[in-house]
Amino acid sequence: MSELMEKFSELLVSSPLIPDELMLDIVARVPRSHYPTLSVVSKGFRKLIASPKLYEERSWLGCKEHRVYAVIRNRTTGDFSFYVLHRNANCSNRLVVVKSLPHMSPRGNYVPVGSKVYVFNDLDALSIDCTSHTRQPISDIPQRMAYKVVNVVDGKKIYVIGDSICHVVEEDGELSEKWKKAVTVFDTETQLWEPKLVNEDMSVGVLWSDSVVMDGKIYLKSYTKPYSSVYVPEERKWEVMDEVMDSKEWEGACVVDNVLYYHDCSETALRAYDPKQSCWSVVNGLEDFLVAQTAQSKWCDAVNYGEKKLSLFFPKLYDGKNVIFCAEIALERRQGGEIWGKVEWFDVVVEDGRIDIVKCVSVTIFDAA
């Protein structure tokens, strides 16, 4: 139970007769994940939680909710579906399929922007509104791009980077396509594509294992050294990735407060890279937990879960079944620059061993009046 809920429970016991206005203000500050529990306390609470006034108050207070979504592949059917992590205060947390959305494309790339998730397939693109769990088409990618990755910069512009046909030449009497690295930008405010930029003078990776955004730059980790690269949107140029950053095989990474985090499966540690210091460190305080819970995991995916938090998804053999766990980890930078982590909860979120997590994303939902 959260500290806020504990204080709220103490207040109920000590002051059973609370003015309606004060009760409204208190409940509006309680996380929504606790509302199902509160609704069974009494008829009064059920009425309050169903009241539009409560959500008007939350909107006025600027209340927001962080949600984690996952694209999951069913090995049996081959279907790709959209799941949401359901947080429950007093029972198990679970990844639950969003039934209102159709199956996803197996070749989709996913990136969160505000309360939406944008999906870029081979040619077409769409957005998913996570407040209503509905989808809307957006204008198609101007030109087919292969081996692409997508990242959002400045919270509104989506950069799609991949291989694109630069021109066609004739070789030995046959036409041959010449491919170059291209950058195409989608503005989520105008809902328009910006002109495509083609890189002609730098050899960058063909396949990337991961990519993140820090300090407004896009870092692309290549499967093959020395092709890991950095794209600088403001200057529209490419740079070679710092050797220190490229020295680790980071994959399934996320960025929290401009620091990259990833789970190092080879050494069972949560590592952090600070671009300002250009150095790697190990997140302290998690050693025993990670050894006990993730030592046998072949992969781990980290996702930003709001301010100073991340969620870590990993597979494990549990009670004789292949399951997927999720751990919510709070992060703290202490004096001297050391980063410490604390596990706030961890639980089995998927019990079906026949499915794989393809991509995890985090969105922020603001309450609307």
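Parameters at a glance
- Residues numbered from 1 in each chain as written.
- Predicted model: local features only at pLDDT ≥ 70, side-chain atom pairs only at ≥ 80, totals over all residues.
- Heavy atoms only, no water.
- Buried < 20%, exposed > 50% of the residue type's maximum accessible area, 1.4 Å probe, protein only.
- Helix = DSSP H or I, 4+ residues; strand = E, 2+ residues; numbered from the N terminus.
- Pairing = 2+ DSSP bridges.
- Axes fitted to C-alpha atoms, helices over the stretch in contact; angles between N-to-C directions.
- Contact = heavy atoms within 4.5 Å.
- pLDDT = per-residue confidence, 0-100.
- Salt bridge = Lys/Arg side-chain N within 4 Å of Asp/Glu carboxyl O.
- Polar contact = N/O pair within 3.5 Å; in protein donor to acceptor, adjacent residues only side chain to side chain.
- Phe/Tyr/Trp six-rings, centres within 6.5 Å; stacked < 30°, edge-to-face > 60°.
- Lys NZ or Arg CZ within 6 Å of the ring centre and 35° of its normal.
- Patch = residues over 30% accessible without salt bridge, like charges linked within 9 Å, V, L, I, M, F, W, Y side chains within 5 Å.
- Areas by Shrake-Rupley, 256 points an atom, 1.4 Å probe, with all protein chains shown as cover.
- Arc of directions from axis to C-beta.

**Some thoughts on the pairing of strand β13 (residues 208–214)**
Now for step 1: Where burial is concerned, most of β13 is hidden: 6 out of the 7 residues are buried.
Now for step 2: Of the strand pairs in this sheet, β13 and strand β14 (residues 217–222) are connected by 6 bridges, and their pairing is antiparallel. Within β14, the position partnered with valine 213 by the bridge is isoleucine 218.

**Regarding the sheet that holds strand β24 (residues 339–350)**
Now for step 1: Pairing in this open sheet of 4 strands is antiparallel, and the strands run β21-β22-β23-β24 from one edge to the other. Strand pairing shows two members of the sheet lacking a second neighbour, β21 (301–304) and β24, which therefore form its edges. If you compare each strand with its neighbour and ignore which way they point, the axes differ by 25 degrees on average.
Now for step 2: In this structure, strand β22 (residues 309–318) lies alongside strand β23 (residues 321–333), joined through 10 bridges in antiparallel fashion. Within β23, the residue paired with lysine 316 across the bridge is valine 323.
Now for step 3: Its contacts with the sheet put helix α7 (residues 287–294) on β22, β23 and β24, and the angle it makes with β22 is roughly 35 degrees.

**Here's the deal with the environment of phenylalanine 186**
Now for step 1: Mapped onto the elements of the fold, phenylalanine 186 is located in strand β10 (residues 174–187).
Now for step 2: On the basis of relative accessibility, which here comes to 0%, the residue phenylalanine 186 falls in the buried class.
Now for step 3: Not counting chain neighbours up to four residues away, the residues in contact with phenylalanine 186 comprise Tyr118, Ile138, Ser139, Lys156, Lys157, Ile158, Gln191, Leu192 and Trp193.

**Section: the confidence of the model for the protein chain**
For any part of a model where pLDDT is low, the fine detail of the predicted coordinates should not be relied upon.
Now for step 1: Of all residues in the protein chain, 86% attain a pLDDT of 70 or more, and the chain-wide mean is 86.
Now for step 2: Ranking the elements of the protein chain by mean pLDDT puts helix α1 (residues 3–14) last with 54 and strand β18 (residues 259–264) first with 98.

**Quick word on the pattern of salt bridges**
Now for step 1: What the rule picks out here adds up to 20 salt bridges.
Now for step 2: Note that glutamate 65 is salt-bridged to arginine 67, the shortest N-O span being 3.5 Å.
Now for step 3: By relative accessible area, which is 16% here, arginine 67 ends up buried.
Now for step 4: In this structure, arginine 333 engages aspartate 274 in a salt bridge whose closest nitrogen and oxygen atoms are separated by 3.4 Å. Here aspartate 274 lies in strand β19 (residues 269–274) and arginine 333 lies in strand β23, a separation of 59 residues in the sequence.
Now for step 5: A relative accessible area of 46% places arginine 333 in the partly exposed class.
Now for step 6: A relative accessible area of 14% places aspartate 274 in the buried class.

**Concerning the environment of aspartate 352**
Now for step 1: Within the secondary structure layout, aspartate 352 lies in the loop between β24 and β25 (355–366).
Now for step 2: For the pair aspartate 352 and lysine 321, spaced 31 residues apart in sequence, the C-alpha to C-alpha distance is 8.3 Å.
Now for step 3: Only 2.9 Å separates the side chain of aspartate 352 from the backbone nitrogen of arginine 354, close enough to count as a polar contact.

**Comments concerning the packing of aromatic side chains**
Aromatic ring pairs are described here by two measures, namely the spacing of the ring centres and the angle between the planes.
Now for step 1: Tallying each qualifying case throughout the model produces 12 aromatic pairs.
Now for step 2: Judged by centre distance (5.1 Å) and plane angle (15 degrees), the ring pair of tyrosine 69 and phenylalanine 82 falls under stacked. Here tyrosine 69 is found in strand β1 (residues 64–74), whereas its partner phenylalanine 82 is found in strand β2 (residues 80–86), with 13 residues between them in sequence.
Now for step 3: Geometrically, the ring pair formed by tyrosine 118 and phenylalanine 186 is tilted, given 5.9 Å between the ring centres and 55 degrees between the ring planes. Here the residue tyrosine 118 occupies a position in strand β5 (residues 116–120), and phenylalanine 186 occupies one in strand β10, the gap between them amounting to 68 residues. Residue tyrosine 118 shares its accessibility class with phenylalanine 186, and that shared class is buried.
Now for step 4: Its guanidinium or amino end placed over the ring of phenylalanine 325, lysine 316 lies 5.4 Å from that ring's centre, counting from NZ or CZ.

**Some words on a nonpolar patch on the surface**
Now for step 1: Nonpolar side chains collect at one region of the surface, where Tyr147, Leu207 and Tyr223 lie side by side and expose about 350 Å² of accessible area between them.
Now for step 2: Tracing the backbone shows tyrosine 147 in strand β8 (residues 145–153).
Now for step 3: Under the relative-accessibility criterion, tyrosine 147 is labelled partly exposed at 49%.

**Thoughts on α7**
Because an α-helix packs 3.6 residues into every turn, residues spaced three or four apart end up facing the same way.
Now for step 1: Looking only at α7, the buried set comprises Phe289, Leu290, Gln293 and Thr294. Considered in projection along α7, the buried side chains sweep an arc of 95 degrees and stay on one side of the axis. Exposed and oriented more than 90 degrees from the buried face of α7 are Asp288 and Ala292.
Now for step 2: On its buried side, α7 packs onto β18, β19, β22, β23 and β24.

**Overview of the pairing of β24**
Now for step 1: Strand direction decides the pairing type here: β23 and β24, joined by 10 bridges, are antiparallel. For glutamate 328, the partnering residue across the bridge sits in β24 and is tryptophan 345.

**Let's talk about the sheet that holds strand β20 (residues 279–282)**
Now for step 1: What the 4 strands build is an open sheet, ordered β17-β18-β19-β20; its pairing is antiparallel. The open sheet has two edge strands, β17 (254–256) and β20, and neither has a second partner. The sheet shows a mean angle of 35 degrees between the axes of neighbouring strands, taken without regard to direction.
Now for step 2: The sheet contact formed by β18 and β19 spans 5 bridges and is antiparallel. Counterpart to tyrosine 261 in the pairing with β19 is alanine 272.

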